Amino acid sequence: GAGVSQSPSNKVTEKGKDVELRCDPISGHTALYWYRQSLGQGLEFLIYFQGNSAPDKSGLPSDRFSAERTGGSVSTLTIQRTQQEDSAVYLCASSLQAAFSYNEQFFGPGTRLTVL
Amino acid sequence: GENVEQHPSTLSVQEGDSAVIKCTYSDSASNYFPWYKQELGKRPQLIIDIRSNVGEKKDQRIAVTLNKTAKHFSLHITETQPEDSAVYFCAASPQMYSGGGADGLTFGKGTHLIIQP
């Protein structure tokens, strides 16, 4: 079946502009995660959704970052007033999150954000 | 919060030799330890994982060991092949049995594995 998809694949924006990044998780996956990967670096956890609620927002780097998820499916990560240090690949992952089970996170292809 | 350290950052081995990547973690509540492989320009993909009630797990040429007392876990790749060249990430998570909540994974900074022909 279809995997996790993200759009756009690439986004170039000017400093100070707002951007929206979209994630479509695997159908039926209740958990959704956003990560950020800077060039040559590891993956930095940003936020986690269980259904439509976000019990863990601890990784959001500033109040310019926000995310929402509707219908227990699609999620949007919004970055307001973008800064050059926001340039990175933003990865989304989803997992089945069945009870009494550890669940593999399946990653999307990422959105490469470049802030000029 | 959890902190995961990964070593080495770069590892070069001859084709056919073994490769070992080591990680340590700080949060004793962590009980799920996956390893991801990321080829250049591609998304991370799970290659093996281990739960806290298991000390070792093997899948063909890949094995992972876990020492909860010392809070460290390692990835072992035997008989390395050119297609093993990639960046490998370890991760830790206090995923809960209840299924009612799970933190995101805390990743190490990655190991660039280079297989020399």
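Quantities reported herein were computed from a predicted structural model and do not represent experimental measurements.

(A) Up close: the pairing of strand β5 (residues 45-51) of chain B. Of the pairings in the sheet, the one linking strand β4 (residues 32-38) of chain B to β5(B) comprises 6 bridges and is antiparallel in character. Along β5(B), the bridge assignment pairs B:Tyr36 with B:Leu46.

(B) Quick look at the pattern of salt bridges. All names here are of chain B. Following the criterion strictly, the structure yields 8 salt bridges over all chains and no others. Among the ionic pairs, Lys37 bridges to Glu39, the shortest N-O distance being 3.7 Å. For Lys37, a relative accessible area of 16% puts it in the buried group. Through salt bridges with shared partners, a single ionic network connects Lys37, Glu39 and Lys42.

(C) Spotlight on the sheet that holds strand β3 (residues 19-24) of chain A. All names here are of chain A. If you trace the 4 strands from one edge of the open sheet to the other, you get β1-β3-β8-β7, paired in antiparallel fashion. In this open sheet, the two strands that pair with only one neighbour each are β1 (5-7) and β7 (65-69). The sheet shows a mean angle of 15 degrees between the axes of neighbouring strands, taken without regard to direction. Taken together, the 5 bridges between β7 and strand β8 (residues 75-79) define a ladder with antiparallel strand orientation. Following the sheet pairing, Ala67 is matched in β8 by Leu77.

Conventions adopted
Residues numbered from 1 in each chain as written. Chains lettered and ligands numbered in written order. Predicted model: local features only at pLDDT ≥ 70, side-chain atom pairs only at ≥ 80, totals over all residues. Heavy atoms only, no water. Pairing = 2+ DSSP bridges. Helix = DSSP H or I, 4+ residues; strand = E, 2+ residues; numbered from the N terminus. Salt bridge = Lys/Arg side-chain N within 4 Å of Asp/Glu carboxyl O. Buried < 20%, exposed > 50% of the residue type's maximum accessible area, 1.4 Å probe, protein only. Axes fitted to C-alpha atoms, helices over the stretch in contact; angles between N-to-C directions.

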